[in-house]
Structures are given as C-alpha cells and as structure tokens.
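# Coordinates in review
If you want the building blocks of each chain, they are given just below.
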Amino acid sequence: MQRNLEDGVVQKNREFAAPERRWAWVEIDREAIRYNLKRFRKHLGPDVKIMAVVKADGYGHGAAECARTALATGASMLGVSSVDEGIELRRVGIAAPVVILAEPPQEAIPLILQYQLIPAVYNMDFALALGETADAMGRVSPYHLKVDTGMNRVGVHYSDAGDFLRTINFHRGLELQGVFTHFATADDVDTFIFKQQMGRFEEALSTIRYMGVDPGIIHAANTAAMIRYKQAHYHMVRVGIGMYGLHPSEVTRPIMELRPAMSVRARISYLKSVPVGEGVSYSHTYRSPGSVLIATLPIGYGDGISRVLSNRMDVLVGGKRYPQVGNICMDMLMFEVNQRASALNPRPAIEMGDEVVLVGRSGNEQITLDEMARIVGTINYELACRFGLRLDRVFVE
C-alpha cells in the first residue's frame with residue numbers, strides 16, 4: 001500500500017485491504033461517484049451544468065479526490081462552505097471554479113482574491129469591501145448573489161434583491177457571475193413551500209432582469225430538487241449528497257437509483273471467549289449468555305460510530321450479520337459470535353484479522369448509512385461526515 005503524502009490519498013493494492021497502521025478504514029468507490037454523476041447527467045438538459053458540492057471534506061468522502069472525480073465526469077464547478085475548504089482544493093492543484101456557498105468574513109477577502117475563489121454575497125458591507133479590495137489590486141472579483149426565498153438562514157430577501165444589486169452593481173471591482181437560492185423542503189412530500197420558494201425566486205429574477213442586469217448562472221436545485229423538479233434546474237444544479245450515492249430522503253429513492261460510494265471496514269483485532277454472566281465493556285450493558293466469542297474491532301465513537309448504536313447495530317462478516325454488544329467505546333467496539341452449532345447452523349469460522357463491514361455490502365447482506373441513521377435518529381449526511389474525521393480513506397475503482 002502506498003500513501004500520497006501531498007493530498008492524503010491512501011491507495012489500496014491487492015496485498016493489503018487496509019492501512020497498515022490501523023485495522024479500521026473508510027473505503028470510497030470512485031466508480032460509484034462516476035455512476036451517480038452520469039445518472040444525473042442523463043436526467044438533466046444538455047445545457048444544464050453540474051456543480052459538485054464537496055464541502056465538509058466531500059461529506060466525509062474526501063474533498064480533493066471527489067472533486068477530481070467529479071470534474072473528470074463532467075462537473076464544471078465546485079461548491080464549498082468556507083475559504084479554507086476552497087484553499088485546500090487550490091493547494092492540491094485543482095483549478096476549476098470554486099464557489100463559497102456562504103459569505104465569508106471581510107477579513108478573508110485577501111485570501112479569496114489570492115486563491116481566485118468565488119464568494120456568495122448577501123451583505124452590503126462585505127460586497128463593497130470585496131469590490132474595493134479587488135479594485136485596489138487591479139482586479140475584478142466574481143461573486144454569486146444569494147437570495148433568501150424562505151429558508152430564512154442567510155441571503156438577501158427576495159423582495160430586496162433588486163435594490164441590493166442597484167447599490168453595488170456600479171462597482172468596477174465586482175462582477176455578478178450568478179444568482180442562487182436554496183430550497184428548505186425539496187425533499188418533503190408536501191410541495192407547498194417548495195412552490196412558494198420557486199415563485200419568490202422567479203420574482204427576484206424578474207426584478208433583476210427588468211433592471212437590465214444579467215443574472216449570470218442561475219442555480220437553485222440541490223440533489224432533491226434536481227431529482228424531482230425539472231423547473232428548478234435553470235442553468236446549473238448543485239449536487240451534494242446524491243453524488244455520494246445517498247438519498248436526501250425516502251421521497252427521492254423510488255425516482256432514481258444511486259450507488260453509495262462509502263463503506264466502513266475494520267479487521268478483528270482481538271478474540272475472547274467470555275464465560276456466562278460476565279459483562280462486556282463499560283457499565284456491563286451486555287452480559288455473556290455463554291458459548292460466545294467476543295470479537296473486538298479498533299473503531300469507536302471517536303471514528304463516527306455513534307455510542308447511541310450500542311447493542312443496537314449489526315456488523316457483517318463473510319456475508320452474515322453479527323450483533324454488536326456492549327457500550328461502544330471511543331476507540332473500540334465489540335460484537336458477539338455465537339459458538340453454538342447445529343446441522344443447519346454450523347459454527348462460524350471467525351479469526352483474528354478477518355475483515356468486518358460496518359457500513360456497506362458483504363455477500364448478499366448490506367448495512368446502509370440510512371439504517372444506522374434511523375437507529376441514531378439523525379440523517380445519513382451527518383453520519384457520512386463523521387466517518388471522515390479520523391479514519392484513513394482508501395480509494396478504489
């Protein structure tokens with residue numbers, strides 16, 4: 001196995017299936033990302049561009065590698081959430097347009113210009129400071145105007161978009177490259193709020209055009225809106241969670257098949273026969289029924305396996321499910337291997353070093369991030385981001 005020290009990519013070879021320093025890792029399937037993007041491409045009109053959203057380190061999948069894969073598969077622009085995320089892409093040689101989807105602080109303006117990033121704009125002071133700094137450097141800074149149509153998080157209120165642009169559009173240091181909004185309920189069954197937001201966005205766009213201002217690249221659709229609403233495609237769609245093969249909700253699942261790119265894997269680091277009645281892990285929330293092996297994996301809540309999953313999740317070995325037992329620790333978790341055997345259920349052959357799947361497919365069995373998220377009471381987005389915090393990633397084709 002070789003590690004590219006410049007961008008932190010761990011390459012998998014035939015001999016080793018995990019980073020040699022630790023028997024726990026995340027595996028990212030580039031081909032799944034390519035497959036998902038190709039599905040989206042077929043779903044879109046020929047002139048609709050794709051922005052690949054790689055914020056939060058590519059939703060835990062690795063921003064740089066996912067960005068490269070997306071750009072090679074037809075994405076024309078990248079979306080991030082901060083200046084630092086944009087700089088990270090530039091430092092590994094990615095030259096494609098990068099839009100910061102939330103307006104940065106004014107103090108970051110020199111870095112925005114230095115690294116040729118494209119900020120979202122929705123505060124007057126920031127916009128004018130950006131223009132003044134760019135003009136002083138003899139440059140023009142492109143920006144995307146963020147319009148709030150009902151998310152009520154950030155953005156210029158849709159009824160004020162015209163006045164906002166009228167105030168800053170004169171500035172020779174600024175160039176309006178795009179106008180966008182974000183949908184709050186595109187993944188909900190009820191469509192009322194989505195339609196309301198669409199109407200408000202159209203109102204803002206009409207005002208901008210009436211002023212004689214070219215709105216540039218118009219984009220509104222996140223993954224859910226891209227899948228469900230062709231009228232929201234405009235000039236470009238922003239593909240986030242869907243690029244990684246995860247659905248934003250059950251509403252989109254029947255419409256389009258996606259392939260999850262992430263799997264979470266580990267190897268058994270210890271095996272122990274635990275006598276009947278003995279407890280396992282903190283607080284002894286599990287006690288051995290006897291005739292079991294307890295297998296330990298070097299992965300825990302410090303790696304993204306929520307402690308809420310304790311005694312409630314399964315793992316896969318050789319295409320078979322085994323129950324996780326005991327409280328999940330920061331760096332380890334345990335699962336039970338029943339040693340009772342019969343003609344119909346032979347004793348499982350479990351050994352040290354065996355590969356275990358915590359998220360992903362093994363044989364005919366599969367554990368999904370959605371399954372985990374339902375137990376935890378959260379969304380697949382959050383779990384995917386957690387797994388990218390400490391575990392090494394192995395990129396495979």
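Residues numbered from 1 in each chain as written. Predicted model: local features only at pLDDT ≥ 70, side-chain atom pairs only at ≥ 80, totals over all residues. Heavy atoms only, no water.

## Some points on the overall build of the protein chain
Along the protein chain, the regular secondary structure elements total 11 helices and 23 strands. Overall, the protein chain is about 80 × 45 × 40 Å in size when its C-alpha atoms are taken along their principal axes. In the protein chain, which comprises 397 residues, the proportion classed as buried is 54%. Contacts spanning at least 24 positions in sequence make up 66% of the contacts within the protein chain whose residues lie at least 6 apart. Of the accessible surface of the protein chain, which amounts to about 17,700 Å², a share of 50% is contributed by carbon and sulfur atoms. For the protein chain, the separation between the mean place of its 44 positive charges and that of its 44 negative charges on side chains is 5 Å. (Helix = DSSP H or I, 4+ residues; strand = E, 2+ residues; numbered from the N terminus. Buried < 20%, exposed > 50% of the residue type's maximum accessible area, 1.4 Å probe, protein only. Contact = heavy atoms within 4.5 Å. Areas by Shrake-Rupley, 256 points an atom, 1.4 Å probe, with all protein chains shown as cover. Lys, Arg positive; Asp, Glu negative; His and termini not counted. Charge placed at Lys NZ, Arg CZ, Asp CG, Glu CD.)

## A look at the side chain of T296
By secondary structure assignment, the location of T296 is in strand β17 (residues 292-297). T296 sits in the buried class, given a relative accessible area of 11%. Excluding residues within four positions of it along the chain, T296 makes contact with R267, I268, S269, Y270, M332, L333 and M334.

## Here's the deal with the packing of aromatic side chains
Counting across every chain of the model gives six aromatic pairs. Arranged with centres 4.7 Å apart and planes meeting at 55°, the rings of F183 and F194 form a pair that is tilted. Note that F183 is positioned in the loop between β10 (174-180) and α8 (192-210) and F194 in helix α8, a separation of 11 residues in sequence. According to the relative accessible area criterion, F183 is buried, its value standing at 2%. Where Y322 meets F335, the ring centres are 5.9 Å apart and the plane angle is 50°; that geometry is what we call tilted. Taken together, the positions of Y322 in strand β19 (residues 320-325) and F335 in strand β20 (residues 333-338) put the pair 13 residues apart, joining distant regions of the chain. Note on Y322: relative accessible area 7%, which makes it buried. Just above the ring of Y35 sits the side chain of R259; from NZ or CZ to the centre is 3.6 Å. (Phe/Tyr/Trp six-rings, centres within 6.5 Å; stacked < 30°, edge-to-face > 60°. Lys NZ or Arg CZ within 6 Å of the ring centre and 35° of its normal.)

## Side note on the packing of helix α1 (residues 30-43) against helix α3 (residues 63-72)
Remark: α1 packs on α3, axes separated minimally by 10 Å, with the N-to-C direction vectors making an angle of 45°. Taken as axis vectors, α1 and α3 run oblique relative to one another. Crossing of α1 against α3: the hand is right-handed. Between α1 and α3, the residues in contact are R30, I33, R34 and L37 and E65, C66, T69 and A70, respectively. (Axes fitted to C-alpha atoms, helices over the stretch in contact; angles between N-to-C directions. Parallel < 35°, antiparallel > 145°, perpendicular 65-115°, else oblique. Left-handed = near helix turned anticlockwise from the far one by under 90°.)

## Things to note about the pattern of salt bridges
Summed over all chains, the structure comprises 21 salt bridges. R253 is the salt-bridge partner of E250, the closest N and O atoms lying 3.1 Å from each other. A relative accessible area of 49% places E250 in the partly exposed class. When its relative accessible area of 32% is taken as the criterion, R253 is described as partly exposed. In this structure, the salt-bridge partner of D331 is R390, at a minimum N-O distance of 2.8 Å. Here D331 is found in the loop between β19 and β20, whereas its partner R390 is found in the loop between α11 (380-387) and β23 (392-396), with 59 residues between them in sequence. Residue D331 is classed as partly exposed on the basis of its relative accessible area of 37%. R390 gets classed as partly exposed once you look at its relative accessible area, which sits at 38%. (Salt bridge = Lys/Arg side-chain N within 4 Å of Asp/Glu carboxyl O.)

## Comments concerning unusual backbone geometry
Backbone geometry at N152 places phi at a positive 55°, although glycine is not the residue there. Structurally, the position occupied by N152 is in the loop between β8 (141-148) and β9 (156-157). Despite not being glycine, Y234 shows a phi value in the positive range, around 50°.

## Description of the confidence of the model for the protein chain
Looking at the protein chain, the pLDDT average stands at 93 and 94% of residues meet or exceed 70. Low pLDDT, under 50, characterises residues 1-17; the stretch is placed with 40 contacts to residues that sit more than four places away or in other chains. (pLDDT = per-residue confidence, 0-100.)

## Quick word on the state of the cysteines
The tally for this structure, following the rule as stated, stands at zero disulfides. C66 forms no disulfide, and the closest cysteine sulfur to it belongs to C385, at a distance of 11 Å. The buried category is assigned to C66, whose relative accessible area is 1%. (Disulfide = S-S within 2.5 Å.)

## Thoughts on the nonpolar core
In terms of nonpolar packing, the biggest core is built from 123 residues, with L145, M243, I299, I305, F335, L358 and F387 touching the most fellow members. Ranked by residue count, the leading element in this core is α8, at six residues. (Core = buried A, V, L, I, M, F, W, Y, C linked by side-chain atoms within 4.5 Å.)

## Considerations on the pairing of strand β13 (residues 262-267)
Of all the six residues making up β13, six are buried; the element is thus mostly covered by neighbouring parts of the structure. Where strand β3 (residues 24-29) meets β13, five bridges bridge the pair, whose relative direction is antiparallel. The partner of V26 across the bridge, within β13, is V264. Bridge count between β13 and strand β21 (residues 355-362): four bridges; the pairing is antiparallel. In the strand pairing of β21, A266 is matched with V356. (Pairing = 2+ DSSP bridges.)

## Observations regarding the side chain of T73
Note that T73 resides in the loop between α3 and β5 (77-80). On the basis of relative accessibility, which here comes to 18%, the residue T73 falls in the buried class. Those residues in contact with T73, other than ones at most four positions away along the chain, are R34, L37 and K38.

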